[in-house]
Each structure stands twice: as C-alpha cells, then as structure tokens.
Amino acid sequence: MPSLLGPFVRCRFRAALLVLWLVIADFTCTDGSEHADTAALPAAFSDLLPHFLVEPEDEYIVKNKPVTLTCRSTPATQIYFKCNGEWVHQDDHLIERTVDPATALPVMQVTIEITRQQVEKIFGLDEYWCQCVAWSTTGTQKSQKAYIRIAYLRKNFEEEPQGKEVALDQEVLLRCHPPEGVPQAEVEWQRNEDVIDPGSDPNFFITADHNLVIKKARLADTGNYTCVAKNIVARRKSTSATVLVYVDGGWSEWSKWSACGADCSMWRTRECTQPSPGTGGKDCQGLDLQSQNCTSEQCPQTVNGAEDVALYVGMVAVALCLTLLLIVVVLVYRRKKEGLDADVADSSILTTGFQPMGIKPSKPGVWAPRPRRPTHSKNSHLLTIQPDLTTTTTSYQGTLRSRHDATGKFSITNGPLLDPLPNGSHTLHNGKLNSDPAEFVSRLSTQSYFKTLPRDVANTSYGTFNFLGGRLTIPNTGISLLIPPEAIPRGKIYEIYLTVQRKEDLRLPLSGCQTLLSPVVSCGPPGVILSRPVILSMDHCSDACLDNWAVRLKKQNYEGAWEDVLLMGEEMVSEPYYCQLEAETCRLFSEQLGTFALVGESLHMGASKRLRLVLFSDAYCSTLEYNIRVYCMDDTQDVFKEVMQMERQLGGRLIDEPHILLFKDSYHNLRLSIHDMPQAHWRSKLLAGYQEIPFYHIWNGSQRYLHCTFTLERLSLSTCELTCQLCVWQVEGEGQSFGLDFNIAKDTRALDSEFLLMDNNATALAGPSAFQIPYLIRQKICSSLDAPCPNGADWRMLAQRLKLERHMSFFASKVSPTSVILDLWEAQHFHSGNINQLATVMADIGKQEAMIFLVSDGEC
C-alpha cells in the first residue's frame, strides 16, 4: 500500500510548493502523469508570452454577497491569483480550458470568489486587492489590480436643503451634501416627489457639488424640494425644504383725472393689480386715491341769476361775523398781555441745560454690551458760561414758558403734524418727555402712511421738538437720532418718532454677494422740512474696511420700494445724505427722514462680518438632560437685545461672556462642537462630531439670529458641576472657544435683567438738556471758528484735532462748518463725552475767547 501511494503523495507535495517551483519550469509528477493545472504547449507556440483576454475588475461587496473575479489568458500553462500579496490556495481556483478557434492557441480561464469576511480582516488598514499571474514556457505576465470594497451608504446627510421664501425672479440656491458612502452616492433632486430634469427644464441647474440652483424663481417653482442620494446599497432622502415664491403687489398706472366735481375737486385712482400680491406677498404700499382742487376755470358754474344775490348776501354775512370775532380775539389778547414786558424774554430755557448731566457707571461684574463705550469719568469737567441776557441771537418770537410750567404740555390732533400751535405760542420742552408710547404709536398708525409701521412700543421712541433740537434714543440698541439746534425751522414744532424694524417684517431685496449690515431703522414723519441735517446713529457688523466692501445706503420710498441713495466712499456733498463709517457704528447725516438700512457687497473673499456668539442655558434643570444654546448673530446691539428678551421669556440665563468672530465671505460653513466633558458624569447626545450652519444662512443676514442646541445628559441627578470646551469656527477660517466651568444648580452669575438695564438714559430729550455743549457756548465756538483764519486756526483745525479730516469737503459745503462738526461730536460722545477734551482742543487751536471756565462736577 505505501508503494502505491508514494507517487501520489509526492505529486501533492509538489503542488503545494508550486509558488517556488513554477517560476523555473514546467513540471510533471514522478509517475509521469501531468499536473491538473499545467498544459503542454505545442512547439510552435512555446516561445510566446501569455497575454490577458480578461483581467479582474474592481468590485463592491453588497451586504453579505461574495464577488467573483475572473482572469483569462492565452497561451498559458498556469494561472494563479494573488490577493494583498499572498497567493490564493489552488483549491479556491475554478479552471476552464478551451482552444481559440481562430489561432488554435490554448485559452485558460480562472475564477475565484471573495467574501465579506476576507475583506473585513484588513478593512480600515488598507484596501483589499487581487491580481492574477499567468505563466507560459517563455515567462510570466501580471494583470491589473482589482480592488474589492465593502459598499455602504450612511443614513444622515452632511448638509440638508433649507426652506426659504424668495421673491419672483430671484435666484434660489438649495444646498445638499449627501451621506458618506462607497461607492460615492449619486444625487438627484425632486420637487413634490417628481424628479427634476435640468435637461428638460433649463431653469434648473445642478452644480458639481450637488447643489440645486433655480435661476429665476417662478410661481410654479413653489413646492417641497428633496435631495435624493443613492448608490448600489441604498437610497436616502433628505428632509424636504419648502420653497415659497411670493409676489409683492405693484400699483397700476394712475387713472386719468376725473371731471371736476361739485366740490371743485377732482381725483384719480390706481389698483394693486400689476401684479396682484400672491403666495404671501406684501400688499401695495402708498395711496390708491389722490385728489386735488380744480382751478377756478374748471369748477362747475352752478350759480346764476337770483342765486347769485343769495350767495353775495351770505358772503357779506360771513365777513361781518369774522370781523366781530377778530375784534373779540384782539381785546382778549391785549387784556392778557397787560402787565407783561414784551421786551423781556425768559432766558431760563437757555440756561437750564448748563447743569452737569450724571451718567451712571457700569455696575462692577456686569458685562457691558459695548466695551468701546467708556464710563463717565469721576472727575469729568464741563464748560459753563454765564447766560448773556443781552444777546439778540437767541431771541424767539412768541411766548416762552419755563420747563416747570406744567400747563405747557400740548397734544397733536388728527390734523397736519407740521402746523405750528395757534397764536404763535410754543411750549419749549427741556428735559425728559414722559408720554405714553403706546398712545403715540396707536395714534400715529391711524394715518395712511404709517399703517405699515410696527407697533412695537419697546423699540420705539418719540418726542416733540422745536428749533432748540433734541435727541431720541432706543435703549440698548445703539440707535439714536440727534436733532441739532436750528434743524427745525423757527416757528415749527414737530412730533418725531424713531423705531427699529424687525427684519422679518420687511423683505429687503438682496442679490449676489450682498448682505444686510445694519438694523432697518425708521425715523419720521417723512416729508418734514429741515433746515440742517439730523444725525442717525446705528450699529453695523462689517469689518469697516471699505477696501473689502461696497457699502450702500438704502432708503424706502413712498411706494415701499428700496432705492440706493448713497455709495459709501463716493459721497457727493451736494446730496442730502452723507455717512461716516466708524469701527462699529454708522453716522448718517440726512436732510430727510425715512426708513434706512446699510447693505454691503463683498468685493473679495477677505470681506468679513462680525458675528456675536452668545451662550445660554436653562436657569433651572430638574431632569437628566441639559441644553446649551449657542446663538450666532450679527454683532449689532438691537439683535442682542432681542435675543436677551426672548431668552428671559424662555427662562434662560447667560453662561459666558459673548465672543466676536470674523466670518469671511469664503462660502465655508460655520461649525460648532463640544469637547472635554468628564465622561464619568456627562455625555453628549449629538450623533455627529459637530453641528453646522450653512454659509448662506449667515451671510444673507435675513434671519435675525441663528442658533444650535447641544443636548447633554448627566448620568446622575446629583451631578451639577459641568466643565467642557465649546468651539465655534468657520471652515478654513477664524474660530472661538468657550471654556465652561460652572454649577448648573446655582445661578451665581449676573442677572440678565441687570445686563439689559445698562442704558438708563431717557428715550427722548428736548432742548439744551439733550446736548453736552451748552447752547450759548456752542454759538460762541461757531462764530469764532467759522470765519477762515490765515494760519488755519479755524474749523479746519478743529476737524483735524477731532480726527475728522476725511470729511473736510462735506463740512466746507455747509453754511456753518463748525456747527456740523459739533453735531457729529455730540452724536459720538453723548454716553461718554468729556467736554474737557473739547476745551483742550480749543486751547490748542488758540481760541481763548471760546474757553470760558472749567468747572468740576462738584463745583457745579
């Protein structure tokens, strides 16, 4: 028996060592039988190298189904597979032999199967590959490598499309980043479950990174849009994003004027039909009916004959009655005036404003909303002057009443806002104006133009002003309106308002790289006559580098449309608007009241917006879950105030000082992540490594505040100490981190309410108390510096000392350049102004006549 098995055993042994043997030569078993994997070639083909007819291809393993690799070569004596550098066992090869009928060459085909388990052994370390090697008597040939990968498609999209409301014909961008997968997922878009085909509808375009672009939004494009990702493993759908295409109403052309009516007036109309508002669009703004008086020639002649006599008799009777009434009024007026010296005017109205104004310093330990505003110096000084009772430049025709006269308050009726009070009598308010804002807003909104104004009493201030001027402020928003002296013509009294519009109340048209940089602010009533420009101050969130931006001032016209009225850096002194852009504030000189906003268009990717990052959490937590809310908002005080008020209603508390992040126009998203939590006590319920806010949601600026919530879970209710690191950064850009370490059960931080009460100034100040510089001192400074001086010691040197030389041409275009410079100084330094600084500047200029006295607060 052993002698019979010997040749067979030796044959099998040689086969096992084939990897060392085959590269030398063909072989046969000792008993002369041919090996199963070897074929003898005819002598005519013995000098040919093998070449491949079929080489193995890349394959994907789907679920647990193995894949088959095939290799075919001619002429070949042997073919074996090598996978990841190791020879595949010969028993795993399936061999087929044929003859090519055209060449009579022998053809050998070998196949093997690769399972998921084989690939998973090295999965994550290297890619799994296989290659076949063919032999002939002349030599060997190697095939290409075939890579075998395990196919998959994750469930969660890296970025899903977000719903939006867009105007008709506006471009729409819906972003989609499909889930990670092997092979990479293909993306298609659906609208209302129907596949979008850009080939059949060229209004759609799918970018190389899978975003959907609607070139011009049509009403038919309103619908639910879904991003669909699919590969050989699975098919995933994103959450649907609702796109609403709205149409704002437009007014038709005015009709022709009607015939002159019996009341000697004619009218014309127009309708909101071109187009009609649709799908949530705004109604038309403005008047839909206009009337005007006819000329005397156009009035219908309805009186003749006997009726003429009756008309003349009536007119004579009315004239007699008016004459008698005038006599009575004159007698009453002369009786009231007896005992009064008409040549003496009450000068207290000009001197009461000379008293020092105390501004409360910030409370220790309370974060200030604007660190750039220093507190009022404890030893600050004020310029004072004895009132000059002989001067005639401050005389005012009419009765002057002291601010202590309680009977001096008046009310505006439903008549014109611009009419002076009867009989030339005017009340000059000096100090705080304490009226009911709700009553004012309600009364104002009854007038046709103001029906669209928001009835937000908390963000509206108003006051009644005359030629002495005043100031309106919306607390904790950085928004104020300075009405300089003599801006309102003498003899006029205006009731003026100031309000900040919610961005969701207005749809500001933005395109391309444009972004909203400021709040939308309204001051009015529009159409009032101003002798000098007022100064509107409001925050902006740009990096204040005009080399990076094209900043435009937009104004809403009477029809409700927005118009560009100014390009920053290219101001014309002859225009009614002029802007100074400071680091965080814009000062707008305007000779007209209305609704304004700053819009920026980035000139390159270096342009940055300032984002304020604010962290809130629940003030009280009785469950295992604990939420941290991260707000990413424009760095303007009005948005921060709104978020603070909203969080107070939600029961939230501020858990760290706000941070500022420069967000570049780089098209990169904003990412947020949380790290370094004590794993023994806390864990994050966030499935991914970070959260992300799309670039366009932030850059557009139409959403007032965006936020992400991190939900944490403590492993025990007794755990109250939380330490972690929260990071916020722009991809390939700047980042900020918050180091948190506090007790969630103890609120030892400053109350949010105290934070909001930092600005305790009155919302409306009228007369001299609204200004740092007393009225008479201001007049003396102007008269001293307005006249040109050969050595330059005039208003030009004042502008240079106050670092305002960039605006020289604007100042020079005004009748009194000094007064405009002082107006700007007042607008800049109302909260922190040190009049001692202005006195020092005047001393440097050499105008000693304008330097009166330096008096400390204690001496006042």
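What you are looking at is a predicted structure, and each value in this text was computed from that prediction instead of being measured. (Residues numbered from 1 in each chain as written. Predicted model: local features only at pLDDT ≥ 70, side-chain atom pairs only at ≥ 80, totals over all residues. Heavy atoms only, no water.)

Asks: Any chance you could explain the pattern of salt bridges here in plain terms?
Replies: Between side chains of opposite charge, pairing is possible as soon as their charged atoms come close. This structure, assessed with the given rule, holds 29 salt bridges. Ionic pairing is found between Glu591 and Lys814, a salt bridge with its closest N-O pair at 3.4 Å. One end of the pair, Glu591, is in the loop between strand E36 (585-590) and strand E37 (595-602); the other, Lys814, is in the loop between helix H12 (808-812) and helix H13 (817-828), with 223 residues separating them in the sequence. The salt bridge partner of Lys609 is Asp634, with a shortest N-O separation of 3.3 Å. Taken as a pair, Lys609 in strand E38 (residues 608-618) and Asp634 in strand E39 (residues 625-634) lie far apart in primary sequence, 25 residues in all. The class for Lys609 is buried, based on a relative accessible area of 0%. Take Asp634: its relative accessible area is 6%, and that puts it in the buried class. (Salt bridge = Lys/Arg side-chain N within 4 Å of Asp/Glu carboxyl O. Helix = DSSP H or I, 4+ residues; strand = E, 2+ residues; numbered from the N terminus. Buried < 20%, exposed > 50% of the residue type's maximum accessible area, 1.4 Å probe, protein only.)

Asks: Which parts of the structure should I look at to understand the side chain of Ser602?
Replies: You can see Ser602 is positioned in strand E37. With residues up to four places along the chain from it excluded, the contact list for Ser602 reads Cys513, Asn548, Trp549, Ala607, Asp665 and Trp699. (Contact = heavy atoms within 4.5 Å.)

Asks: Teacher, can you tell me more about the state of the cysteines here?
Replies: Each disulfide consists of one covalent bond between the sulfur atoms belonging to two cysteines. One pass over the full model with this rule turns up four disulfides. With a sulfur-sulfur separation of 2.0 Å, Cys83 is cross-linked through a disulfide to Cys130. Because the torsion about its S-S bond is 110°, the bridge between Cys83 and Cys130 counts as right-handed. With Cys83 in strand E4 (residues 78-83) and Cys130 in strand E8 (residues 128-135), this pair connects stretches of sequence that are 47 residues apart. Each member of the pair Cys83 and Cys130 is classed as buried. The residue that forms a disulfide with Cys260 is Cys294, at a sulfur-sulfur distance of 2.1 Å. Its S-S torsion of approximately 120° makes the covalent link between Cys260 and Cys294 right-handed. With Cys260 in the loop between strand E21 (241-246) and strand E22 (265-269) and Cys294 in the loop between strand E23 (289-293) and helix H4 (306-337), the pair connects residues that are 34 residues apart, well separated along the chain. Since its relative accessible area comes to 10%, Cys294 is described here as buried. Cys579 forms no disulfide, and the closest cysteine sulfur to it belongs to Cys586, at a distance of 3.9 Å. (Disulfide = S-S within 2.5 Å.)

Asks: Just checking my understanding: could you explain the environment of Ala597 for this structure?
Replies: Tracing the backbone shows Ala597 in strand E37. The exposure class assigned to Ala597 is buried, which follows from its relative accessible area of 0%. Considering only alpha carbons, one finds Ala597 and Ser518, 79 residues apart in sequence, at a separation of 6.0 Å.

Asks: Would you mind going over the sheet that holds strand E46 (residues 721-730) with me for this structure?
Replies: In sheet architecture, strand pairing relies on hydrogen bonds along the backbone and comes in two forms, parallel and antiparallel. Overall, antiparallel pairing links the four strands, which are arranged E44-E42-E46-E47 in an open sheet. Of all the strands in the sheet, just strand E44 (691-693) and strand E47 (735-743) have a single pairing partner and so form its edges. Across the sheet, the axes of successive neighbouring strands diverge by a mean angle of 20°, strand direction being ignored. Pairing analysis gives nine bridges linking E46 to E47, with the strands arranged antiparallel. Of the residues in E47, the one forming a bridge with Leu722 is Phe742. (Pairing = 2+ DSSP bridges. Axes fitted to C-alpha atoms, helices over the stretch in contact; angles between N-to-C directions.)

Asks: Any chance you could explain the packing of helix H10 (residues 775-785) against H13 here in plain terms?
Replies: Between H10 and H13, the shortest axis-to-axis distance is 8 Å and the interhelical angle comes to 135°. It follows from the interaxial angle that H10 and H13 lie oblique. The hand of the H10/H13 crossing is right-handed. Contacts from Arg778, Ile781, Cys782 and Leu785 in H10 reach Thr818, Ser819, Leu822 and Asp823 in H13. In terms of residue class, the contact of H10 with H13 is made up of four nonpolar, two polar and two charged. (Parallel < 35°, antiparallel > 145°, perpendicular 65-115°, else oblique. Left-handed = near helix turned anticlockwise from the far one by under 90°. Nonpolar A, V, L, I, M, F, W, Y, C, P; charged D, E, K, R; others polar.)

Asks: What exactly am I supposed to notice about the sheet that holds strand E13 (residues 172-174) here?
Replies: Taken in spatial order, the three strands of this open sheet run E13-E18-E17, and their pairing is antiparallel. A strand with exactly one partner marks an edge of an open sheet, and here the two such strands are E13 and strand E17 (204-206). Ignoring strand direction, the axes of neighbouring strands in this sheet form an average angle of 20°. The pairing of E17 with strand E18 (residues 212-214) spans three bridges and is antiparallel. Pairing of Phe205 across the sheet is with Val213, part of E18.

Asks: So what exactly am I meant to see when it comes to the confidence of the model for the protein here?
Replies: For any part of a model where pLDDT is low, the fine detail of the predicted coordinates should not be relied upon. Per-residue pLDDT for the protein has a mean of 77; in total, 74% of the residues score no lower than 70. Taken as a whole, residues 1-39 scores under 50 in pLDDT and shows 41 contacts with residues more than four places along the chain or in a different chain. The low-confidence segment residues 339-432, where pLDDT is below 50, has 180 contacts with residues more than four positions distant or belonging to other chains. (pLDDT = per-residue confidence, 0-100.)

Asks: Sorry, what's going on with the side chain of Gln501 here?
Replies: With respect to the helices and strands, Gln501 occurs in strand E29 (residues 494-501). Relative accessible area serves as the criterion here: at 4%, Gln501 is assigned to the buried category. At a separation of 2.9 Å, a polar atom in the side chain of Gln501 contacts the side chain of Ser522. (Polar contact = N/O pair within 3.5 Å; in protein donor to acceptor, adjacent residues only side chain to side chain.)

Asks: Teacher, can you tell me more about the packing of aromatic side chains here?
Replies: Note on aromatic pairs: each is described by the distance of the centres and the angle between the planes. Per the stated rule, a full pass over the model turns up 15 aromatic pairs. Taken together, a centroid distance of 5.6 Å and an interplanar angle of 90° make the contact between Phe616 and Tyr631 edge-to-face. Taken together, the positions of Phe616 in strand E38 and Tyr631 in strand E39 put the pair 15 residues apart, joining distant regions of the chain. For the pair shown, Phe616 and Tyr631 are each scored as buried. Chaining the aromatic ring pairs together yields one cluster made of Trp549, Phe663, Tyr667, Phe695, Tyr696 and Trp699. When the ring centre of Trp129 is taken as origin, the NZ or CZ atom of Lys145, which lies over that ring, is 4.0 Å away. Just above the ring of Phe467 sits the side chain of Arg490; from NZ or CZ to the centre is 4.2 Å. (Phe/Tyr/Trp six-rings, centres within 6.5 Å; stacked < 30°, edge-to-face > 60°. Lys NZ or Arg CZ within 6 Å of the ring centre and 35° of its normal.)

Asks: Can you help me understand the pairing of strand E7 (residues 106-114) in this one?
Replies: On any regular strand, side chains alternate: one points to one face of the sheet, the next to the other face. Counting buried residues in E7 gives seven out of nine residues, a clear majority hidden from the surface. Taken together, the seven bridges between strand E3 (residues 67-74) and E7 define a ladder with antiparallel strand orientation. In the strand pairing of E7, Arg72 is matched with Gln109. By the bridge criterion, six bridges tie strand E6 (residues 94-99) to E7 in an arrangement that is antiparallel. Counterpart to Thr98 in the pairing with E7 is Val107. Between E6 and E7, which follow one another and run antiparallel, lie six residues, and Ala104 among them has a positive phi close to 65°.

Asks: Explain unusual backbone geometry to me, please; I cannot follow it from the model alone.
Replies: Most peptide bonds are trans, and most residues other than glycine sit at a negative phi. The step from Thr74 to Pro75 runs through a cis peptide bond, and the omega angle for that step is -20°. Mapped onto the secondary structure, Pro75 falls in the loop between E3 and E4. Gly524 connects to Pro525 through a cis peptide bond whose omega is 10°. With respect to the secondary-structure elements, Pro525 resides in the loop between strand E31 (520-524) and strand E32 (534-539). Even without being a glycine, Ala104 presents a positive backbone phi close to 65°. Considering the arrangement of structural elements, one finds Ala104 in the loop between E6 and E7.

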